[in-house]
Amino acid sequence: MKFGYIAGTALAAAIAAPAAQADKLDDIVASGTLRCAVVLDFPPMGSRDADNNPIGFDVDYCNDLAAALGVEAEIVETPFPDRIPALVSGRVDVGVASTSDTLERAKTAGFTVPYFAFTNVVLTREDTGIDGYDSLATHTVGSVAGTYEGIALDDDITKWDQGGSFRPYQSQADVFLALSQGQIDATVVTSTVASSIVAGGKYEGLTIAGDAPYLPDYVGLIALRQEYGLLNYLDLFINQQVRTGRYQELYEEWVGGDAPDLTVDKVYR
Amino acid sequence: MGNYTFQWRQALRALPDMLDGALVTMQIAILSMLIGITIAVFLAVARNSKSRWLRAPATAWVELARNTPALFQIYMAHFGLGSFGIYLSPYVALLAGIAFNNAGYLCETFRGSLRAIPDTQIRAGRSLGMSAPKAFRLIVMPQMFRIAFLPTMNQMVWAILMTSLGVTVGMSTDLTGVTQDLNARSFRTFEFFALAAVIYYLITKAVMLAARLLAWRLFRY
């Protein structure tokens, strides 16, 4: 009887032990669902169609990832500032959310290799007379708080010190509203978003006034910093997307033209 | 929170910036209270008046201020007026939104306080040869403020907390604005938010303590 009890306990422990070691990747596969944080006011990366369904590059990327994992994709709309709380609170598994891989953020979140690269342009109204990045120095400008381009623009306005000011908004939609109303005279956004907004025709009189002289903004997928299993899988997935031509295919569909290079010369990663 | 390790050192290093933000928060709260109290006195008098032309707009103000969210009021001050070509900076829009809200709530506080003061007080003043406005100013208003003092301080606490809604209209220099910016740069959300919560708590506690001390000094018989 006693032997049976010990054997039973040992068997139970043996079954329970591997389960206790399961990592996020196992959890996703086991649950059958991949929950992706996607920003849905950032076209063409993420937005909603006429029927309110999520669409965009990031949405398709999440769907591809879910298909590779053999699970269902679930798009969780997440505004820019909420990406880390969404991960940490377990509301999402992965952030497919155009997240710039700054070293400051990498202390907190786990970044993959870049899955997309942005260049930035100046978006303004036709009536402001702004004809390039340097002429922003004397204007009121705005951007989404804490984004790569927002931080760079804020820093330059402070550095120039010529009477311009910077306003951070909580969402890309608020920035475009403020710009179209005249609350701000210009913003710096990724070229993809700018083209999409100008072509979209929702806001009249917006125009692109040249490039912003920033380094390319490489963005990675994000997951919890300690989830190496998942992060490794995501790195390989990004590599496969490029290798198979799927990256180019998605780029053509949502942006058009040749997809940007995701590697930096003379250095790994 | 099993997925998150707190890194307090980084948050504490940003404490001076957050305290600067807290000063801006206090500045807006105090200004919005001064404006709110001034408007509320007029609104309270108007709501008690016999003229419909005075009563109706004052009632409309109070109804709107008390029955719509403060977030909506601030958002309308920035983006709503913006669509009519009236541009308020985030600072002014936040101030206007909170002052509007304060005036609505304080009006009802003052009106209740006015009702608590017997009409005979005015008549007593008039019988001493005062004009009606003078009797109101010297006899009724001091008593009104005595009754309304602590509820007014409650509104002050509410005003301090309402400043946090400024982030929705691009306010970046108050405590919440500074906190959001630090959060977006580093993603250390919970440390920064916890620190901000502690600062808000200490400010509002300090305000209430000061109010109690002041009430004890001013209003003892």
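Cut-offs and rules
Residues numbered from 1 in each chain as written. Chains lettered and ligands numbered in written order. Predicted model: local features only at pLDDT ≥ 70, side-chain atom pairs only at ≥ 80, totals over all residues. Heavy atoms only, no water. Helix = DSSP H or I, 4+ residues; strand = E, 2+ residues; numbered from the N terminus. Contact = heavy atoms within 4.5 Å. Areas by Shrake-Rupley, 256 points an atom, 1.4 Å probe, with all protein chains shown as cover. Lys, Arg positive; Asp, Glu negative; His and termini not counted. Charge placed at Lys NZ, Arg CZ, Asp CG, Glu CD. Pairing = 2+ DSSP bridges. Axes fitted to C-alpha atoms, helices over the stretch in contact; angles between N-to-C directions. Disulfide = S-S within 2.5 Å. Buried area = accessible area lost by both parts, 1.4 Å probe. Salt bridge = Lys/Arg side-chain N within 4 Å of Asp/Glu carboxyl O. Nonpolar A, V, L, I, M, F, W, Y, C, P; charged D, E, K, R; others polar. Expected span 1.5 Å × (residues − 1). Buried < 20%, exposed > 50% of the residue type's maximum accessible area, 1.4 Å probe, protein only. Phe/Tyr/Trp six-rings, centres within 6.5 Å; stacked < 30°, edge-to-face > 60°.

Visitor: Explain the overall build of chain B here, please?
Guide: Helix and strand content of chain B: nine helices and zero strands. The order of helices and strands in chain B, counted from the N terminus, is α-α-α-α-α-α-α-α-α. Intrachain contacts of chain B at a sequence separation of at least 6 include 78% that bridge at least 24 residues. A total accessible area of about 11500 Å² is found for chain B, and carbon and sulfur atoms account for 68% of it. Across chain B, the 20 positively charged side chains and the 8 negatively charged ones have centroids separated by 16 Å.

Visitor: Even after reading the chapter, I still don't get the sheet that holds strand β11 (residues 206-211) of chain A, so can you show me in this structure?
Guide: In sheet architecture, strand pairing relies on hydrogen bonds along the backbone and comes in two forms, parallel and antiparallel. Residue and element names in this part refer to chain A. Spatial strand order, β9-β8-β10-β7-β11: five strands in an open sheet with mixed pairing. At either margin of the open sheet sits one strand with a lone partner, and together these are β9 (165-169) and β11. Neighbour to neighbour, the strand axes of the sheet diverge by 30° on average, direction disregarded. Relative to β11, strand β7 (residues 120-125) is paired through four bridges, and the arrangement is antiparallel. Residue pairing for β11: Leu123 is matched across the bridge by Ile208. Against the sheet, helix α6 (residues 148-160) engages β7, β8 (140-144), β9 and β10 (186-190), with an angle of about 155° to β8.

Visitor: I'm lost on the state of the cysteines in this one. Help?
Guide: Among covalent bonds in proteins, the disulfide is the one between the sulfur atoms of two cysteines. All names here are of chain A. Enumeration over the complete set of coordinates arrives at one disulfide over all chains. Two residues share a disulfide in this structure: Cys36 and Cys62, whose sulfurs sit 2.1 Å from each other. Taking the sign of the S-S torsion, 85° for the link of Cys36 and Cys62, the bridge is right-handed. Here the residue Cys36 occupies a position in strand β1 (residues 33-38), and Cys62 occupies one in helix α3 (residues 57-69), the gap between them amounting to 26 residues.

Visitor: Mind showing me how you'd approach the interface of chain B and chain A here?
Guide: When the parts of a complex come together, some accessible area is lost, and that lost area is often used as the size of the interface. With 30 residues of chain B at the contact, the number on the chain A side is 30 residues. Between chain B and chain A the total buried area reaches about 2500 Å² when both faces are included, carbon and sulfur atoms providing 53% of it. It is Asn3(B), Arg185(B) and Phe187(B) in chain B that bury the most area against chain A; as a group they hold 30% of the surface buried on that side. Taken together, the connections running from chain B to chain A amount to one salt bridge. Asp154(A) serves as the salt-bridge partner of Arg185(B), at 3.9 Å between the closest nitrogen and oxygen. Taken together, the elements giving at least two residues each to the side of chain B that touches chain A come down to α4 (70-82), α8 (175-186) and α9 (189-218) of chain B. When its residues are assigned to classes, the side of chain B that touches chain A shows 13 nonpolar, 14 polar and three charged.

Visitor: For this particular structure, what's the right way to read the sheet that holds strand β5 (residues 94-100) of chain A?
Guide: Residue and element names in this part refer to chain A. Read across the open sheet, the five strands follow the order β4-β1-β5-β12-β6; overall the sheet is mixed. Every interior strand has two partners, whereas the edge strands, β4 (72-77) and β6 (109-118), have only one. Put simply, the sheet's adjacent strands are angled 30° from each other on average, direction ignored. Sheet analysis places β1 next to β5, joined by two bridges and oriented parallel. Along β5, the bridge assignment pairs Cys36 with Val94. Most of the contacts of α3 go to β1, to which it runs at about 160°, and overall it touches β1, β4, β5, β6 and β12 (217-224). Along the sheet, helix α9 (residues 228-243) makes contact with β5, β6 and β12, crossing β6 at roughly 15°.

Visitor: Where do I start with α3(A) in this structure?
Guide: Every α-helix carries 3.6 residues per turn, so stepping three or four residues along brings you back to the same face. All names here are of chain A. Taking 1.5 Å of rise per residue, 13 residues should cover 18 Å, and α3 covers 18 Å from first to last C-alpha, within 8% of that figure. Summarising burial for α3: ten of the 13 residues are buried, a large majority. Regarding α3, the residues found buried are Phe57, Asp58, Val59, Asp60, Tyr61, Cys62, Asp64, Leu65, Ala66 and Leu69. Trailing α3 by a residue or two, Gly70 shows a phi angle of about 75°, which is positive.

Visitor: Whenever I open this one, the pattern of salt bridges confuses me. Can you help?
Guide: Once their charged atoms are close, side chains differing in charge can pair, the charge on each being opposite to the other. A full pass over the atoms with the stated rule returns 15 salt bridges over all chains. Across the pair Arg35(A) and Asp93(A) runs a salt bridge whose closest N-O atoms are separated by 2.8 Å. One end of the pair, Arg35(A), is in strand β1; the other, Asp93(A), is in the loop between α4 (83-88) and β5, with 58 residues separating them in the sequence. The salt bridge partner of Arg188(B) is Glu191(B), with a shortest N-O separation of 3.1 Å. With respect to class, Arg188(B) is no different from Glu191(B); both count as buried.

Visitor: Is there a simple way to explain the packing of aromatic side chains in this structure?
Guide: Given two aromatic rings, their pairing is described by the distance between the two centres and the angle made by the two planes. In total, this model carries 21 aromatic pairs over all chains according to the counting rule given. A ring pair is formed by Phe116(A) and Tyr247(A), whose centres lie 6.4 Å apart and whose planes are at 85°; its orientation type is edge-to-face. With Phe116(A) in strand β6 and Tyr247(A) in helix α10 (residues 246-254), the pair connects residues that are 131 residues apart, well separated along the chain. Since its relative accessible area comes to 1%, Phe116(A) is described here as buried. A relative accessible area of 4% means that Tyr247(A) is categorised as buried. Between the aromatic rings of Trp61(B) and Phe100(B), the centroid separation amounts to 5.2 Å while the plane-to-plane angle is 25°, which identifies the pairing as stacked. Taken as a pair, Trp61(B) in helix α3 (residues 52-67) and Phe100(B) in helix α5 (residues 90-115) lie far apart in primary sequence, 39 residues in all.

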